[in-house]
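# Tertiary structure, described
Given next are the chains, with one letter for each unit.
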Amino acid sequence: MIDLVDEFEAYRAKMNGKILEENNKVLKRIFNLDTNSFAKGALDVKTKELLGLVSSLVLRCDDCVKYHLESSYKEGLNREQVVEALSIGTLVGGTIVIPHLRRAFEYWEALEDKFGKTTE
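Everything in this summary refers to the structure shown in the same document. None of these values were measured; they are calculated from a predicted model.

## Comments concerning the state of the cysteines
A complete count under the given rule lists 1 disulfide for this structure. Bridging C61 to C64, the disulfide has an S-S length of 2.4 Å. Across the S-S bond of C61 and C64 the torsion is about 65°, and the bridge reads as right-handed.

Rendered as structure tokens:
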């Protein structure tokens, strides 16, 4: 069976490495801005990850949803909190995001299977 988490992490690391090897100033700045935007500030990291998750679902970016699900998981958010955020994203995005919602649930379950359930 394919490990969805390992497959996504490996692909993301490989391709991000290739992109950054190009030494393009604009791309490097965008990556840096993305990384720094999710650091603790006036909002805590958990809140920022949930905002990223909702935005990604509404924009229908499966890779982004996976990234924010994994980051949310690593920050200790639990299933109930993530499902509530996904419900807001589905409300805002409408029924067109339901296929992405299905994949989000699948990926969250893969995270739980791989690392165990969070309990916050």
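## Some points on helix α1 (residues 4-21)
Each full turn of the α-helix corresponds to 3.6 residues, which orients residues three or four apart in the same direction. With 18 residues, α1 extends 26 Å from end C-alpha to end C-alpha; this agrees with the ideal 26 Å at 1.5 Å per step. The complete set of buried residues in α1 reads V5, F8 and N16. Buried positions in α1, seen along its axis, are confined to an arc of 65° and lie on one side of it. Elements that come into contact with the buried residues of α1 comprise α2 (25-37), α4 (62-74) and α6 (98-115). Near the N-terminus of α1, the side chain that reaches the backbone nitrogen of V5, with its oxygen 3.0 Å away, is that of D3. N23, located one to two residues past α1, shows a positive phi value of around 55°.

## Looking at the pattern of salt bridges
Enumeration over the complete set of coordinates arrives at 7 salt bridges. Residue E109 is joined to R79 by a salt bridge in which the shortest nitrogen-to-oxygen separation is 3.4 Å. A residue pair is termed long-range when its members are at least 10 positions apart, and E109 in helix α6 and R79 in helix α5 (residues 79-93) qualify at 30 residues. For E109, a relative accessible area of 38% puts it in the partly exposed group. Salt bridges sharing common partners tie together D3, D6 and K114.

## Focus: the side chain of H100
For H100, the location among the structural elements is in helix α6. Excluding anything up to four places from it in sequence, H100 contacts L57, R60 and D62.

## Some remarks on the nonpolar core
Among the nonpolar cores identified, the biggest contains 19 residues, and L53, L69, V82, L86 and L111 are the most heavily contacted of them. Of all the secondary structure elements, the ones that give two or more residues to this core are α1, α3 (45-58), α4, α5 and α6. With 6 residues, the top contributor of residues to this core is α6.

Cut-off values and rules
- Residues numbered from 1 in each chain as written.
- Predicted model: local features only at pLDDT ≥ 70, side-chain atom pairs only at ≥ 80, totals over all residues.
- Heavy atoms only, no water.
- Disulfide = S-S within 2.5 Å.
- Helix = DSSP H or I, 4+ residues; strand = E, 2+ residues; numbered from the N terminus.
- Expected span 1.5 Å × (residues − 1).
- Buried < 20%, exposed > 50% of the residue type's maximum accessible area, 1.4 Å probe, protein only.
- Arc of directions from axis to C-beta.
- Contact = heavy atoms within 4.5 Å.
- Polar contact = N/O pair within 3.5 Å; in protein donor to acceptor, adjacent residues only side chain to side chain.
- Salt bridge = Lys/Arg side-chain N within 4 Å of Asp/Glu carboxyl O.
- Core = buried A, V, L, I, M, F, W, Y, C linked by side-chain atoms within 4.5 Å.

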